[in-house]
Amino acid sequence: MLEKNVVVVGAGVAGLMTALLLSKKQGYKIVVAAKHMPGDYDIEYASPWAGANYVPVSINGTKAAKWDAESWEPLADFAKNHPRQVCTFRDREITSTEN
Ligand SMILES: Cc1cc2nc3c(=O)[nH]c(=O)nc-3n(C[C@H](O)[C@H](O)[C@H](O)COP(=O)(O)OP(=O)(O)OC[C@H]3O[C@@H](n4cnc5c(N)ncnc54)[C@H](O)[C@@H]3O)c2cc1C
């Protein structure tokens, strides 16, 4: 089968998650191209500074909700099965100022 070449621009959480999910499908040859890569620290590169709290807030039935669901699975896999990675489950309580 002929592979499709895909260039993912950006090596932050958005680019790397896109590349990770695509890499699980057959038929893609993926290259990540970015000015900054993991290990770099720069004010223009947000992901290394993030607190990494993952709190999906998208509305059910939207494309964003589908992307949230697709991203949850690999992040949960990291937290459960790769404890040396930076993802981890924490108990939390969400409070809201809404009535
Ligand atoms: C202190 C802090 C705490 C945060 N905490 C959280 C949190 O707890 N939870 C949360 O959900 N979010 C948090 N955020 C927000 C989150 O970090 C960002 O929304 C997220 O990291 C953005 O990811 P990104 O992949 O879109 O961009 P980035 O991580 O900024 O990556 C951009 C990539 O694109 C590349 N790039 C950009 N322009 C070019 C170009 N012209 N040519 C080539 N490459 C280019 C860069 O080099 C980089 O690789 C936090 C942010 C900060 C600063």
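Since the structure is predicted, the reported quantities are computational estimates derived from the model, not experimental observations.

Novice: I would appreciate a short explanation of the environment of Thr-62 in the present structure.
Specialist: By the secondary structure assignment, Thr-62 is in the loop between β2 (28–33) and α2 (63–81). C-beta crowding within 10 Å serves as the criterion here: with 10 such atoms nearby, Thr-62 is assigned to the exposed category. In sequence terms Thr-62 and Tyr-45 are 17 residues apart; their C-alpha atoms lie 28 Å from each other.

Novice: Whenever I open this one, the UniProt feature "transmembrane region" (unreviewed entry) in the protein confuses me. Can you help?
Specialist: With numbering matched to this structure, UniProt assigns "transmembrane region" (unreviewed entry) to residues 6–23. Spanning residues 6–23, this segment combines 61% helix with 22% strand, and its end C-alpha atoms are found 10 Å apart.

Novice: In this structure, what is going on with the site of the ligand? I would like to understand it.
Specialist: Residues in close proximity to the ligand total 18 residues, the closest being Gly-10, Gly-12, Ser-47, Ala-50 and Gly-51. Top contributing element to the shell around the ligand by residue count: helix α1 (residues 13–23), with three residues. For the shell around the ligand, a count of residues per class yields ten nonpolar, seven polar and one charged.

Novice: I tried to follow α2 on my own but got confused; where do I start?
Specialist: Helical geometry: 3.6 residues make up each α-helical turn, so side chains three or four residues apart lie on a common side. The end-to-end C-alpha distance of α2 is 28 Å, a good match for the 27 Å that 19 residues give at a rise of 1.5 Å each. A small share of α2 lies buried, amounting to zero of its 19 residues.

Novice: Explain the pairing of β2 to me, please; I cannot follow it from the model alone.
Specialist: Consecutive side chains along a regular strand alternate between the two faces of the sheet. The element β2 is largely exposed, with a buried count of zero among its six residues. Where strand β1 (residues 4–9) lies against β2, six bridges are found, and the strand directions are parallel. Across the sheet, the residue bridging to Val-9 is Ala-33, located in β2. You can see the chain leave β1, run along α1 and come back into β2, and the turn it takes is right-handed.

Novice: What exactly am I supposed to notice about the domain arrangement of the protein here?
Specialist: How large an interface is tends to be reported as the accessible area lost when its parts come together. Taken as a whole, the protein is organised into domain 1 (1–50) and domain 2 (51–91). Taken over C-alpha atoms, the centre of domain 1 sits 17 Å from the centre of domain 2. Class assignment for the residues of the side of domain 1 that touches domain 2 results in four nonpolar, no polar and no charged.

Novice: Honestly, the environment of Pro-56 in this entry has me stumped. Any pointers?
Specialist: Along the chain, Pro-56 turns up in the loop between β2 and α2. Overall, the presence of 11 C-beta atoms within 10 Å leaves Pro-56 in the exposed class.

Rules and cut-offs
Residues numbered from 1 in each chain as written. Predicted model: local features only at pLDDT ≥ 70, side-chain atom pairs only at ≥ 80, totals over all residues. Helix = DSSP H or I, 4+ residues; strand = E, 2+ residues; numbered from the N terminus. Buried ≥ 20, exposed ≤ 12 C-beta atoms within 10 Å, placed from the backbone. UniProt positions renumbered as here; feature names shortened; annotations may be inferred. Near = placed C-beta within 6 Å. Nonpolar A, V, L, I, M, F, W, Y, C, P; charged D, E, K, R; others polar. Expected span 1.5 Å × (residues − 1). Pairing = 2+ DSSP bridges. Right-handed = clockwise from strand over helix to strand, strands pointing away. Domains from an automatic or database assignment.

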